[in-house]
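# Results of the structural survey
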Amino acid sequence: MSVFRSGILVLTSPLSALSLKLAPILACASKIVQDTLYVHLQPGLLLTGASQPSSTNIPATSEVCNLISKLYSNADIHSHLDVRVLLTNIKSQTTNQLALSSVQNLSHPPEVVLTDFQTSDGGQYNPAKQQLERYATNCYSCNPNLVSVLLYPEYGLPEEEEMIYDTETDLVTTLDSYSDVVVGGTFDRLHNAHKILLSVCCLLAETRLLIGVADKELLDNKILKELIEPYDRRVEKMSQFLVDVKPSLQFDTVPITDPYGPSISDPDLKCIVVSEETHKGGLAVNRKRQENELCELVIHEIQLVKDALHAENEEEKISSSSLRTRLMGTLLRPPAINPSIPAKPYVIGLTGGSGSGKTSIAKRLGDLGAAVIDCDKLGHESYKPGGPAYQQVIQVFGSDILNADGTIDRKAVGSKVFADKDQLKRLTDIVWPAIEILAKEAMAEAAAQGVSVCVLDAAVLLEAGWIRWSMRCGQ
C-alpha cells in the first residue's frame, strides 16, 4: 500500500460501536497516511446502492464529545499523525450548509479517503470504493486522482466483542450550546490534548470562539520557556486547525499577559471551557465578572488526558512541557557562525535545572577531553576577598554580611535577597558579570593549554545572557 501525505477517514460505524474500534482503525490508517489525517464521523453512511450517499448531521452530545476525546487520545501514540476531527456537521446547520455541493476547503487537501465501512467485496472496482470517492470529492477539497481505501477487515474485531458495543447502554446527554465561548491557554506545539479542548469549545460555540493565548509575563514560570514557540507561530497553527474543523465559527485570538484577559470584560461571553487543573481559574474569572457587574459564565470542564508515552521525569498528562523536554539534546536550528567570536576554543553552553542531568553530561564531555567550566564554583570564587564581586557585594549589602575572617557569609546575603526580587536583581547584576569575567579567563587559560572545546556548565546561562558567546550561534 502506498503512503500518502494527507487523507480523510470517514467513520460509518454506529457511535456506540466505534469506541472499541478506534484504536485498530487508527493503527491501520497510520500505515497509509504519514502527515495529516482528517476524521469525519458519519454513522450510518451507506456506500452501497446506486444513489449518492448523503452526509449525516450528528447532534452535539456527551457521547460524541467522549468519542472525540478518545479518538485524539488513541491518536497520540501515532506521533507522526496530525489528526483533525471535522465538526462541520455536528452542530445544527442550514440545508445549504449540508448540501453536498458545499465543499469544505481543507488546509491539506486529502490524497486518499479511507473508511471503516464493512463490505465483503474488497476488489479494486468495489462499488463502495467508487461511492466513497464520489462522496469525498463532493464534500471535501481533495486532490485530483483521489485514491480510496476500505480498511475493513484489517481492523476487524472478534464478533462477540463487537456485539458488546452494538447496543447503547450509556446515557447520552445533549450538550448546551452558547453564542460566545471563551478559552485560554499557551497552546505551544499544538498537541492532542489541545485539540480535545478546542474541539469541545467548537462543539459548544454557536457563533464565536474567543481564545486567549498566553504571552510575555504569563510564560515566565513555564518549564523550558525558552523553547516555547513564538506567539505568531502558535496562533497560526491553532487557527489553521480551527478553520479546518469548524469553518462556520468566528474565531477571535488575542494575546494575554494575565490570567484573565478579555474573559472578565467581554459582556457577550456566555461560557468558559476549562480543564480539571484550571477549574479554579474559571471560578476566579466569574468573581472578577461579578466585580465588573457582568453575568457569570457557565463553566464547562473537560478531563485531563493521560500521556501513554510519558517518561518518569515528565507529567502524566499530555502536555507541552513534556514535548519541550523531549527536544533537549536535539538540534533546533543549524548553528550559524558568529565572526565576532573566536573559532577556538569552541564553547558549548550546558544548562538545565536541578536533576536535569547537567553534572553527568559535563563529566562525560570532560572525559572526552573538553575543559568543563563550573559557573557555580566560579560564583563562589567571585565572593572571595580579591574576587571581582567581593567589594561591590559589601558596598551594596553592608559590612554585616562579613564573617570574622573577612569572607562574605553567603547565608547572610541570601537572607537579604530571599523573596525580594529587587534585592535579588541587585545581587545578580553584580555576581553574573563577575562570573563571566572568571569564565572568560578560564577559557583563555584552556585555549593556551591547547584545549579546543570548553563546556560552560551554568544553570543560569540563559538568564545571564551568556548564550551570546557560547556555541558560536548567531542570535
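Just above, that's the structure.
What counts and what doesn't
- Residues numbered from 1 in each chain as written.
- Predicted model: local features only at pLDDT ≥ 70, side-chain atom pairs only at ≥ 80, totals over all residues.
- Heavy atoms only, no water.
- Helix = DSSP H or I, 4+ residues; strand = E, 2+ residues; numbered from the N terminus.
- Buried < 20%, exposed > 50% of the residue type's maximum accessible area, 1.4 Å probe, protein only.
- Core = buried A, V, L, I, M, F, W, Y, C linked by side-chain atoms within 4.5 Å.
- Contact = heavy atoms within 4.5 Å.
- Pairing = 2+ DSSP bridges.
- Axes fitted to C-alpha atoms, helices over the stretch in contact; angles between N-to-C directions.

### Some details on the environment of A311
With respect to the secondary-structure elements, A311 resides in the loop between strand 10 (298–302) and helix 9 (320–325). What makes A311 partly exposed here is its relative accessible area of 33%. Expressed as a C-alpha distance, the spacing of A311 and R326, which sit 15 residues apart in the sequence, is 9.5 Å.

### What about unusual backbone geometry?
For residues that are not glycine, phi is negative in most cases, and the peptide bond is trans in most cases. For the peptide bond that leads from Y152 to P153, omega is 10°, which places it in the cis range. Among the structural elements, P153 can be located in the loop between strand 5 (147–150) and helix 5 (159–164). Within the chain, R189 stands out as a residue other than glycine whose phi angle is a positive 50°. Position of R189 relative to the elements: it lies in the loop between strand 6 (178–185) and helix 6 (192–204). With relative accessibility at 22%, the residue R189 sits in the partly exposed group. The residue K216 is not glycine, and still its phi comes out positive at about 50°. For K216, the position within the fold is in the loop between strand 7 (205–214) and helix 7 (231–245). Overall, K216 belongs to the exposed group, its relative accessible area being 58%.

### Describing the nonpolar core
L37 and V273 are the most contacted members of the largest nonpolar core, which has 64 residues in total. For this core, the element with the most residues is helix 6, which contributes nine residues. L37 has contacts with G7, I8, L9, L26, A29, L81, D82, V83, R84 and L114, leaving out every residue within four places of it along the chain. By size, the runner-up hydrophobic cluster in this structure holds 31 residues, among which are I373, V393, I401 and C454.

### Remarks on the sheet that holds strand 6
Reading across from one edge, 8-7-6-9-10 is the order of the five strands in this open sheet, with parallel pairing throughout. The open sheet has two edge strands, strand 8 (250–256) and strand 10, and neither has a second partner. The sheet shows a mean angle of 25° between the axes of neighbouring strands, direction not considered. Where strand 6 and strand 9 (residues 271–275) come together, two bridges link them in parallel fashion. Bridging from a neighbouring strand, V181 pairs with C271 of strand 9.

In short, shape yes, function no, at least from these values alone.
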